[in-house]
Structures are given as C-alpha cells and as structure tokens.
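Next come the chains, spelled out residue by residue.
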Amino acid sequence: TGCDFVMIARGALGNPWIFEDAVSLRNGAEKRTARGAEERARTFIRHALMLEADKGEYVAVREMRKHVAWYFKGLPGVHSLRAKVNTEKSLLSLTSLVSDAFLPRERLR
C-alpha cells in the first residue's frame, strides 16, 4: 500500500528532524546519530519563537513547557530544567533557561 510512515507522527515530538532522517534512510543514507544538546536547544528556541509568532506568547509558553521533556530527553540536567520551566510565564525566561542549560556561553573579550 506504500504506507511506510504511518506511525511517524508521535516520533516527531521533540525530534523535528525525523522527517529528514526518514527520507535520507529511504534514499540509502546511513542512520544519523542523535542530535546533540546544542542543536536541540537552538531548534527548541526557534520552535518557541515560531509558535509565539503564530499563537502569541501566552499559548507558546504553555505549549513549549511540555516540549522541553521531548527535546531534551536523555540529557543530563533535564529533570531540574523541567521543574524550572514549568513555572515560567514569559518566553524570554523559558528560552533563557534552555540557553543557559545547553548552549555554550560566549567568551567575554
């Protein structure tokens, strides 16, 4: 029937790269390793900003709280990050927490 990707939707939670990976695998590429913390954090922040542009800050913050668990599953420190994120009310605070946890700090000159 050609229905190879029926169950892919739930796999996309916290893993928006799954569609690109599926196409690559189908085209004969080797399986890619999991994305690192930095790439996940940058994508999470981009996702949050796009959601804010579409639905406003109030909805974006509340929806992105649950995405923290999916994006950062298996990384060290995610449990304490989830606890902090669940009380945030602004998108700036939420993305700052993620940035502080997973993105390298720029060196001061």
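This structure is a prediction, so every number in the text was calculated from the model and none was measured.

K.L.:
Looking at this model, I keep getting lost on the overall build of the chain. Mind explaining?
P.N.:
Looking only at helices and strands, the chain features 6 helices and 0 strands. Its helices and strands in sequence order give the chain the pattern α-α-α-α-α-α, from N to C terminus. In the chain, which comprises 109 residues, the share counted as buried stands at 31%. For the chain, the proportion of contacts with a sequence separation of at least 24, taken over those separated by at least 6, is 52%. Element-wise, carbon and sulfur atoms account for 53% of the exposed surface of the chain, whose accessible area totals about 7,900 Å².

K.L.:
Would you explain the nonpolar core in this entry?
P.N.:
Phe44, Phe72, Leu81, Val98 and Phe102 are the most contacted members of the largest nonpolar core, which has 22 residues in total. Put simply, the parts of the chain that give this core at least two residues each are α3 (37-55), α4 (57-71), α5 (78-85) and α6 (91-102). Sequence-distant contacts of Phe72, defined by excluding residues within four places in its chain, comprise Ala37, Arg40, Ala41, Phe44, Val78, Leu81, Val98 and Phe102.

K.L.:
Would you mind showing me how to read the side chain of Glu88 here?
P.N.:
Counting through the fold element by element, Glu88 comes out in the loop between α5 and α6. Within the structure, the side chain of Glu88 is placed 3.4 Å from the side chain of Ser93, a separation counted as a polar contact. Beyond its immediate sequence surroundings of up to four residues, Glu88 is in contact with Val61, Arg65, Ser93, Leu94 and Leu97.

K.L.:
What is the right way to look at the environment of Trp70 in this model?
P.N.:
Structurally, Trp70 is set in helix α4. The exposure class of Trp70 is partly exposed, given its relative accessible area of 33%. The sequence separation of Trp70 and Leu13 amounts to 57 residues, and the corresponding C-alpha distance is 6.0 Å. Here Trp70 is in contact with Leu13 and Gly14, once residues within four sequence places are set aside.

What counts, and at which threshold
- Residues numbered from 1 in each chain as written.
- Predicted model: local features only at pLDDT ≥ 70, side-chain atom pairs only at ≥ 80, totals over all residues.
- Heavy atoms only, no water.
- Helix = DSSP H or I, 4+ residues; strand = E, 2+ residues; numbered from the N terminus.
- Buried < 20%, exposed > 50% of the residue type's maximum accessible area, 1.4 Å probe, protein only.
- Contact = heavy atoms within 4.5 Å.
- Areas by Shrake-Rupley, 256 points an atom, 1.4 Å probe, with all protein chains shown as cover.
- Core = buried A, V, L, I, M, F, W, Y, C linked by side-chain atoms within 4.5 Å.
- Polar contact = N/O pair within 3.5 Å; in protein donor to acceptor, adjacent residues only side chain to side chain.

Purely geometric stuff here, so don't read any function into it on its own.
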